[in-house]
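Structure assessment
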Amino acid sequence: LEYQKGYFDGTRRELLAKVQQSVGEKRYRHILGVESAAVELARLNDVDVEKASIAALVHDYAKERSAEEFKKVIHQKNLDKDLLNWGNFIWHGVVGAEIIANELMINDIEILNAVRRHTVGAITMTQLDKVVYVADFVEKGRNFPDVDIARTIAFNDLDQAVSFETKHTLQYLLAANKVIYPAAIKTYNRWVTAQ
Ligand code: GDP
Ligand code: FE
Ligand code: FE
Ligand code: FE
């Protein structure tokens, strides 16, 4: 897969090196798995394969940054101050997109939005958003009990995979008494419920 469209100013190999420098070994392996799944899902769903590769490779680029760095970026970039009430799970996508733009000079709005939406989804999701959201859930390194079902659905019906993943994640969060980010409920209402 050679990059030809200028979404990243460099080769795929050079982007891999930047990502590898930004995260630990285990997360890097996860990221490579997400890229493989995302490229496959992109081909199946007529999504730009180059955008899918880049978005997947950077989706967790900022995941290991400190809370202090995320808070600094929230202030510097004038992001919604409500973000300050949350934590790494939401910052690494929404605030991470700003860090990706700054450090990797990736400015394509579709790629950055796919990163922003990869953890809790959104009411409106592009095909690229869905590809990254679902690839993150079903990449070959994942091994939760229902992952085989999730994979079968993912490679057959992307929208149904968004629904399955959203419901599965919410069920897990509820069972574990975890706080639910409000946007996750909006995603649930749009993609899981009958209305
Ligand atoms: P990862 O970055 O590859 O681990 O995957 P994600 O970005 O999809 O999710 C990051 C973490 O956030 C996971 O542990 C999810 O279970 C968790 N998460 C997703 N939505 C919510 C939420 O609404 N509330 C909480 N507390 N955690 C969430
Ligand atoms: Fe993530
Ligand atoms: Fe995810
Ligand atoms: Fe991930």
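Worth saying up front: this structure is predicted, and the values here are computed from it rather than measured.

Calculation notes
- Residues numbered from 1 in each chain as written.
- Chains lettered and ligands numbered in written order.
- Predicted model: local features only at pLDDT ≥ 70, side-chain atom pairs only at ≥ 80, totals over all residues.
- Helix = DSSP H or I, 4+ residues; strand = E, 2+ residues; numbered from the N terminus.
- Rg over C-alpha atoms; globule rule 2.2 N^0.38 Å.
- Buried ≥ 20, exposed ≤ 12 C-beta atoms within 10 Å, placed from the backbone.
- Contact = placed C-beta atoms within 7 Å.
- UniProt positions renumbered as here; feature names shortened; annotations may be inferred.
- Core = buried A, V, L, I, M, F, W, Y, C linked by C-beta atoms within 7 Å.
- Near = placed C-beta within 6 Å.
- Nonpolar A, V, L, I, M, F, W, Y, C, P; charged D, E, K, R; others polar.
- Axes fitted to C-alpha atoms, helices over the stretch in contact; angles between N-to-C directions.
- Parallel < 35°, antiparallel > 145°, perpendicular 65-115°, else oblique.
- Left-handed = near helix turned anticlockwise from the far one by under 90°.

**As for the overall build of the protein chain**
If you tally the helices and strands in the protein chain, you get 11 helices and zero strands. Taking 195 residues into account, the globule formula puts the C-alpha radius of gyration at 16 Å, and the protein chain, at 16 Å, falls close to it. Seen along its three principal axes, the alpha-carbon backbone of the protein chain occupies a region of about 40 × 40 × 30 Å. Here the protein chain holds 195 residues, and the buried ones make up 37% of them. In the protein chain, 63% of the contacts between residues at least 6 apart in sequence involve partners at least 24 apart.

**With respect to the UniProt feature "domain: HD/PDEase" (unreviewed entry) in the protein chain**
Following the UniProt record, one finds the feature "domain: HD/PDEase" (unreviewed entry) at residues 23-150. Counting secondary structure, residues 23-150 comes out at 62% helix and 0% strand; the distance between its end C-alpha atoms is 26 Å.

**Section: the nonpolar core**
Within the largest apolar cluster, 48 residues are counted, with the highest numbers of intra-cluster contacts made by Ala-38, Ala-55, Val-58, Val-131, Val-134 and Ala-135. When residues of this core are assigned to their parent elements, the largest contribution, eight residues, is made by helix H8 (residues 127-138).

**A word on the environment of Val-120**
In this structure, Val-120 sits in the loop between helix H7 (109-116) and H8. You can call Val-120 buried: it has 23 C-beta atoms within 10 Å. The spacing of Val-120 and Ala-55 is 65 residues in sequence and 16 Å in space, taken between C-alpha atoms. Not counting residues up to four positions away in its chain, the partners in contact with Val-120 are Tyr-181, Ala-183, Ala-184 and Thr-187.

**Thoughts on the site of ligand 1**
Of all residues adjacent to ligand 1, which total 15 residues, the nearest are Phe-89, Thr-119, Lys-178, Tyr-181 and Ala-184. Partitioned by chemical class, the residues of the shell around ligand 1 number seven nonpolar, four polar and four charged.

**Observations regarding the packing of helix H3 (residues 49-58) against H8**
Running from N to C, H3 and H8 point in directions that differ by 45 degrees, and their axes come no closer than 10 Å. Taken together, the axis directions place H3 and H8 in an arrangement best described as oblique. When you trace H3 past H8, the crossing you get is right-handed. For the pair H3 and H8, the contacting residues are Lys-51, Ala-52, Ala-55 and Ala-56 in the first and Leu-128, Val-131, Val-132 and Ala-135 in the second. Taken together, the residues of the contact of H3 with H8 sort by class into seven nonpolar, no polar and one charged.

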